[in-house]
Amino acid sequence: MANTPKCLTEFDFTLLLEGINEIDEHIENAIFEARCDDCTISQRYGRVYLTFSRTAESFKDAVISAISDIRDSKISASVLRVDQCDLITQSEIARRIGRSRQLVNLYINGSRGPGGFPPPVCNITDGAPLWYWCEVACWLFENNLIKKEELQDALELSVINNVLEIERQRVIAPELTEQIMHALGKG
């Protein structure tokens with residue numbers, strides 16, 4: 001049986017960069033020469049970022065190939081993260097799934113749906129709780145409220161951003177990062 005070719009899809013995402021503060025011709029040329037002719041370079045609030053429309057077999061493949069291309073470029077920047085926050089509010093959950101905030105509140109307190117909605121992960125005491133999107137996406141998928149591809153994208157995004165953050169901490173505070181990783185049995 002012959003190998004079936006994988007279907008390529010175009011994925012849109014933004015990578016936040018650190019290590020450069022201004023966009024100049026050298027940066028633009030280096031990014032273009034690094035196989036990033038599928039992005040737009042911009043700057044806002046003092047942060048340089050690249051908005052991609054990249055074709056790949058999966059969201060993960062698109063993001064990883066873009067990060068690799070930036071790392072191979074001749075610019076003195078590193079990828080900070082994919083610009084999509086994994087910490088979300090009840091309103092953001094509603095927006096992402098195209099439902100009302102009130103319905104999401106009913107899911108959260110167990111008045112609608114099967115119950116077992118994931119608990120918030122921070123800001124519990126100040127009245128503005130936040131949830132991990134990847135945990136919410138798992139619950140939504142298990143209850144047939146989002147597609148498998150949306151769940152996979154949420155999980156991949158979470159892991160990519162967490163790995164990028166650990167890499168960043170190893171540059172910013174290498175001794176402290178390794179000390180804590182070791183103390184937690186992960187180093």
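What you see is a predicted model, and the numbers here were worked out from it, not measured in a lab.

Reading the values: rules and limits
Residues numbered from 1 in each chain as written. Predicted model: local features only at pLDDT ≥ 70, side-chain atom pairs only at ≥ 80, totals over all residues. Heavy atoms only, no water. Core = buried A, V, L, I, M, F, W, Y, C linked by side-chain atoms within 4.5 Å. Buried < 20%, exposed > 50% of the residue type's maximum accessible area, 1.4 Å probe, protein only. Helix = DSSP H or I, 4+ residues; strand = E, 2+ residues; numbered from the N terminus. Contact = heavy atoms within 4.5 Å. Pairing = 2+ DSSP bridges. Axes fitted to C-alpha atoms, helices over the stretch in contact; angles between N-to-C directions. Parallel < 35°, antiparallel > 145°, perpendicular 65-115°, else oblique. Nonpolar A, V, L, I, M, F, W, Y, C, P; charged D, E, K, R; others polar. Polar contact = N/O pair within 3.5 Å; in protein donor to acceptor, adjacent residues only side chain to side chain.

1. Topic: the nonpolar core
Here is step 1 of the chain: By size, the foremost hydrophobic cluster in this structure holds 28 residues, and its most contacted members are Phe13, Leu15, Leu17 and Ile31.
Here is step 2 of the chain: Here the element with the most residues in this core is helix H2 (residues 59-72); it accounts for six residues.
Here is step 3 of the chain: Residues contacting Leu17, with those up to four places away along its chain left out, are Arg47, Val48, Leu50, Ile70, Ile75, Ala77, Ser78, Val79 and Leu80.
Here is step 4 of the chain: In this structure, Ile88, Val104, Val136 and Ala154 belong to the second largest nonpolar core, which totals 17 residues.

2. What about the sheet that holds strand S1 (residues 9-18)?
Here is step 1 of the chain: Ordered in space as S2-S3-S1-S4, the four strands form an open sheet in which the pairing is antiparallel. Edge strands, defined here as strands with exactly one partner in the open sheet, are strand S2 (39-44) and strand S4 (78-82). Recorded for the sheet is a direction-independent mean angle of 35° between the axes of neighbouring strands.
Here is step 2 of the chain: Taken together, the eight bridges between S1 and strand S3 (residues 47-56) define a ladder with antiparallel strand orientation. Looking at S3, one finds that Thr14 is bridged to Thr51.
Here is step 3 of the chain: Lying on the sheet, H2 is in contact with S1, S3 and S4; it crosses S1 at an angle near 40°.

3. Topic: the packing of helix H6 (residues 148-172) against helix H7 (residues 174-183)
Here is step 1 of the chain: The interhelical angle for the contact between H6 and H7, taken along N-to-C directions, is 125°, at an axis separation of 5 Å. Considering the angle they form, H6 stands oblique to H7. Together, Gln169, Arg170, Val171 and Ile172 of H6 and Pro174, Thr177, Glu178 and Met181 of H7 make up the contact between the two elements.
Here is step 2 of the chain: By residue class, the composition of the contact of H6 with H7 is four nonpolar, two polar and two charged.

4. Focus: the side chain of Arg54
Here is step 1 of the chain: With respect to the helices and strands, the residue Arg54 is situated in strand S3.
Here is step 2 of the chain: At a separation of 3.0 Å, a polar atom in the side chain of Arg54 contacts the main-chain carbonyl oxygen of Arg35.
Here is step 3 of the chain: A polar side-chain atom of Arg54 sits 2.8 Å from a polar atom in the side chain of Asp69.
Here is step 4 of the chain: Contact partners of Arg54, with chain neighbours within four places excluded, come to Thr9, Glu10, Phe11, Phe13, Arg35, Cys36, Asp38, Ala62, Ser65, Ala66 and Asp69.

5. Re unusual backbone geometry
Here is step 1 of the chain: Phi at Tyr45 takes a positive value of approximately 55°, unusual for a residue other than glycine.
Here is step 2 of the chain: Mapped onto the elements, Tyr45 comes out in the loop between S2 and S3.
Here is step 3 of the chain: By relative accessible area, Tyr45 is classed as exposed at 78%.
Here is step 4 of the chain: With a phi angle near 60°, Asn123 is a residue other than glycine that sits in the positive phi range.
Here is step 5 of the chain: Along the chain, Asn123 falls in the loop between helix H4 (101-109) and strand S6 (131-132).
Here is step 6 of the chain: The class of Asn123 is partly exposed, set by a relative accessible area of 34%.

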